[in-house]
Amino acid sequence: MPLDSAEPIAVSCLKGSDVKPKPFVPEAVDGDDRFVKDKTDGMIWHRSKYRTLYADTDRSQSVYHGNYLRYFEFGRASLMRDVAYPYREIEESGLIYPIIQIGITYYAPLYYDDPMCIHTRPDDLERVRLSFVYVITHEANHQIICKGFTRHCAVKNSGTPVEVDEKTASLWKLFPK
């Protein structure tokens, strides 16, 4: 890009991307604050809450970008625990689900002590792979902070890929759309 261009570099990099995400308007399902329905598209999500720690921030005083993956893990583990299938139980059965692909789009920063809601839901289910999707919002003003996904592969403790276990597969099939 020529240096004399009147358009800021950040704006030109964002062309064609979702600079402003579509609204996400959660409301509790049946009075259970852990599960919400997005009023814009009717999708059901699991909601967990977290507050940023000082250790989560970087020199700019905003949350370091890599920490959002930890928040995704918190949301994923909370969802599995709240549907009565915690990761510990999965691992004790001899399976693990390592991440094989991640994606994240950032829209706004979080700062020290900001309260957030981590919305998580099961997404795709394949024979040996599955994925989760996430929306992190600021709890106070409901602003979308980021959206993302993680894709996982079912493997034995030895590292051999295997089919997704029946209990996990049934969760994917039964989780409300």
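Residues numbered from 1 in each chain as written. Predicted model: local features only at pLDDT ≥ 70, side-chain atom pairs only at ≥ 80, totals over all residues. Heavy atoms only, no water.

Moving on, we get to helix 4 (residues 166-174). Those residues of helix 4 that sit buried are T168, A169, L171 and W172. In a view along the axis of helix 4, the buried residues occupy a sector of 155°, so they form one face of it. Structural note: helix 4 exposes E166, K173 and L174 on the side pointing more than 90 degrees away from its buried face. Where the residues of helix 4 are buried, they touch helix 2 (67-82), helix 3 (87-92), strand 6 (115-125) and strand 7 (129-138). (Buried < 20%, exposed > 50% of the residue type's maximum accessible area, 1.4 Å probe, protein only. Helix = DSSP H or I, 4+ residues; strand = E, 2+ residues; numbered from the N terminus. Arc of directions from axis to C-beta. Contact = heavy atoms within 4.5 Å.)

As a further point, take helix 2. Between its first and last C-alpha atoms helix 2 spans 23 Å; for 16 residues at 1.5 Å apiece the expected length is 22 Å, and the two agree. Taken residue by residue, helix 2 has N67, Y68, Y71, F72, G75, R76, A77, S78, L79 and M80 as its buried positions. A84 sits one or two residues past helix 2 and shows a positive phi near 65°. (Expected span 1.5 Å × (residues − 1).)

Here we come to the pattern of salt bridges. The final tally for this structure, using the stated rule, is eleven salt bridges. Between D33 and R47 there is a salt bridge whose closest N-O contact spans 2.4 Å. Here D33 is found in strand 2 (residues 32-38), whereas its partner R47 is found in strand 3 (residues 44-51), with 14 residues between them in sequence. Judged by its relative accessible area of 13%, R47 is buried. Among the charged side chains, a salt-bridge network with shared partners connects D33, R47, K49 and E139. (Salt bridge = Lys/Arg side-chain N within 4 Å of Asp/Glu carboxyl O.)

With that out of the way, let us pick up the confidence of the model for the protein. On average, residues of the protein score 90 in pLDDT, and 90% of them reach the 70 mark or higher. A low-confidence stretch, residues 1-16 stays under pLDDT 50, and its non-local contacts, those more than four residues away or across chains, total six contacts. (pLDDT = per-residue confidence, 0-100.)

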